[in-house]
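# Structure assessment
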Amino acid sequence: MIRQLLRYSSPTAQRLLRAELMFIVATAVLQGIAFLLLVPLLRALLVGDMEASARWLIAVVGVCIGYVITTWFSSQIGMKASTELLDSLLTRLGDRLVELPVAWFSTDRSGLLAGLATQGAMFVSNTPYAILRQILTGFITPGTVLIGMYFFDWRLALAMTVMVPVLIFGYRRLQTAIGRSDAIHSDAVDDASGRVIEFARAQPALRSAGDATIADRLVDEALQNQHRAYRGLLISGGAGMATFAGLVQLSLTLLLVVGAYLAVGGSVDVPTLIAVLVLGVRFNEPIVSAGDLGGGVAVARTTLDQFDRLAAVSALSEPESPRVPDGWDVAFDGVTFGYGDVPVLRNLSFTAPSGGMTAIVGPSGSGKTTITRLIARFYDPVHGAVSIGGVPIPELGTAIVEAAVAPVFQDVYLFDDTILNNIWIGNPDLAREDVIAAATRARVDEIAARLPGGWDAPVGEGGSNLSGGERQRVSIARALLKDAPIVLLDEATAALDIGNEIAIGAAIDAIRSERTLIIVAHRLQTIMTADQIIMLDGEGGIRESGTHEQLLAADGPYARYWKERVEAASWQLAPPR
Ligand SMILES: Nc1ncnc2c1ncn2[C@@H]1O[C@H](COP(=O)(O)OP(=O)(O)OP(=O)(O)O)[C@@H](O)[C@H]1O
């Protein structure tokens, strides 16, 4: 546990933790010595030797003063160590999140991450100060007493020693039982938190669907599961602690029996026996409180194990010396990829040349969005290679890909900030006027003009003050500002109003000759004007590819698809005759 804590500590936190541990050990040893000194002190008092009593009393007071001083230092350092440890844990968590492959976030991890970043990190950072201190004291103080006991009476010391392995065994059992139940409880809490967050987020959808039974059931199940896990934790914790406390009392009884036996035989005098029994009681107290806190260590360990698991998620491979791409063509060469066992793309090959627009069309679920995710390196393919400028993406490394690719996906996320700041993050080095110029090219000026506050109008949480099409325009402006040579655009499938359609079309026209533009295309205008159309077959491959004119002339599947789309677009509501 201490090793785990040190692993997540910054050098300063490590120094503080080590110093804290040193002071805790010193405090516990001094406490043990003070307890030990009670034996000769009590014996001297009981036999009425006042001179010896005074000597031992001075020694006890001296040790107690040392104990108070070391306790003061250990708690001062302990508080600083906790704050530093909290900082280190949160920094490590933040650093890790930005390294993790984007795909890791595709399942909802909000419950786990919220738990780790709040109570988890707080609990772990307080563990050395609030829990470890008492546990270490609970074992080091009795250890010191035990060693010292051999100087007073080896037979009584031996009676105490035989119980040590039993106590250690009991303590381990207690920790294992609580650890196991706490891991189950912690998973249940993460799941329940995730479900509650999902329930809150999904309220608009649930209300419009008019039936919240599925969501209710999922939240209910998760909460009941959490409740069951918590009860399990309480039961195993209570039972484990009671057993451990019983073992501690057993050790005291053993000491009493051996002491009485020796006293009856006359080989131990009664004052010594009384003093040792007092010591025996004090010996047990710290062990019992250590047992009570054993559950806390198990809980902290569960959280540290979660940090470990997060640290073990493998990041995508990075090259030692990244290669430089020769241009910005994007090429798929025999790419096979799937999210599970079934491939979504099979042996797929095509090239999207730079300075042109490639439109990807195909049935729903045929892998259009997946193609854009592979280019943005959310994933690496299982077979084959996706290359930029002739270099396979893993040899370029994530940093180059992230700089070269500007994705505009359908689920655009806007921060709860002003409209301009949301575009500015595309290139924070630029001046306000440059940001406004790029935003104007994506026709975001029309949106700003409509909102009170103009460019500085807040967009609301997740961009809730804007429509879907407007959010996508902001996202396009971000991509324009980023000035990345490759732009991926997943056109909104939801019907865009004519204003948004025109604005997005204009933004596309503005960049198509300068970049490698790859569009998951839905608008007829986009498809028709693309320099190249890749039509997927819905089985992982390409059905046809070429320009609009070539494909129409071929009179194949694309021509049929086009005819259906045009007919659907020209449907009109005719008045009844
Ligand atoms: N994160 C994911 N985990 C598991 N399966 C996924 C994931 N994302 C997509 N899929 C599956 O992969 C297949 C291809 O999905 P993709 O989104 O690429 O299709 P698409 O052609 O863009 O579909 P649409 O036109 O409906 O948006 C689908 O069967 C989908 O269910």
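Not measured: the values here are computed from a predicted model.

The rules behind the values
Residues numbered from 1 in each chain as written. Predicted model: local features only at pLDDT ≥ 70, side-chain atom pairs only at ≥ 80, totals over all residues. Core = buried A, V, L, I, M, F, W, Y, C linked by C-beta atoms within 7 Å. Buried ≥ 20, exposed ≤ 12 C-beta atoms within 10 Å, placed from the backbone. Helix = DSSP H or I, 4+ residues; strand = E, 2+ residues; numbered from the N terminus. Contact = placed C-beta atoms within 7 Å. Axes fitted to C-alpha atoms, helices over the stretch in contact; angles between N-to-C directions. Parallel < 35°, antiparallel > 145°, perpendicular 65-115°, else oblique. Left-handed = near helix turned anticlockwise from the far one by under 90°. Near = placed C-beta within 6 Å. Nonpolar A, V, L, I, M, F, W, Y, C, P; charged D, E, K, R; others polar. Pairing = 2+ DSSP bridges. pLDDT = per-residue confidence, 0-100. Expected span 1.5 Å × (residues − 1).

### Concerning the nonpolar core
By size, the foremost hydrophobic cluster in this structure holds 70 residues, and its most contacted members are Ile-360, Ile-423 and Ala-477. Considering every element that reaches this core, the biggest residue donor is helix H16 (residues 468-482), with 6 residues. The contacts of Ile-360, once residues within four sequence positions are left out, are Lys-368, Ile-371, Ile-518, Ile-519, Val-520, Ala-521, Ile-534 and Leu-536. With 62 residues, the next largest nonpolar core counts Leu-16, Ile-140, Ile-287 and Ala-290 among its residues.

### Some points on the environment of Phe-169
Among the structural elements, Phe-169 can be located in helix H6 (residues 163-201). For the pair Phe-169 and Leu-247, spaced 78 residues apart in the sequence, the C-alpha separation amounts to 9.9 Å.

### As for the packing of helix H14 (residues 432-441) against H16
Two elements in contact, H14 and H16, have axes separated by 8 Å at closest approach and are oriented at 125°. Overall, the two elements H14 and H16 adopt an arrangement that is oblique. H14 and H16 meet at a crossing whose hand is right-handed. When H14 is examined against H16, the residues Val-435, Ala-438, Ala-439 and Arg-441 are found in contact with a partner set consisting of Ala-477, Leu-480 and Leu-481.

### A look at the site of the ligand
In the vicinity of the ligand lie 11 residues, with Tyr-339, Ser-364, Lys-368, Thr-369 and Thr-370 positioned nearest. Split by residue class, the shell around the ligand holds 2 nonpolar, 8 polar and 1 charged.

### Notes on the environment of Val-459
Within the secondary structure, Val-459 sits in the loop between helix H15 (444-450) and H16. Note on Val-459: 23 C-beta atoms within 10 Å, which makes it buried. The spacing of Val-459 and Leu-414 is 45 residues in sequence and 7.4 Å in space, taken between C-alpha atoms. Among all residues touching Val-459, those that are not within four sequence positions of it are Leu-414, Asp-417, Ile-419, Asn-422, Asn-465 and Leu-466.

### Regarding the sheet that holds strand E2 (residues 345-352)
Taken together, 4 strands build an open sheet; the order of strands is E2-E1-E4-E5 and the sheet is antiparallel. Edge positions in the sheet fall to E2 and strand E5 (391-392), since each of these pairs with one other strand and no more. In this sheet, E5 lies alongside strand E4 (residues 383-388) in antiparallel orientation, the contact comprising 2 bridges. Bridged to Ser-387 within E5 is Pro-392. Packed on one face of the sheet, helix H10 (residues 368-375) meets strand E1 (330-337), E2 and E4 and runs near 115° to E1.

### Some remarks on the confidence of the model for the protein chain
Averaged over all residues, the pLDDT of the protein chain equals 83, while 93% of them reach at least 70. Note on the complex model: pTM 0.66, ipTM 0.97.

### Comments concerning helix H2 (residues 11-47)
In this model, H2 (37 residues) spans 55 Å end to end at C-alpha, consistent with the 54 Å of a helix rising 1.5 Å per residue. Following H2 by one or two positions, Gly-48 has its phi on the positive side, about 80°.

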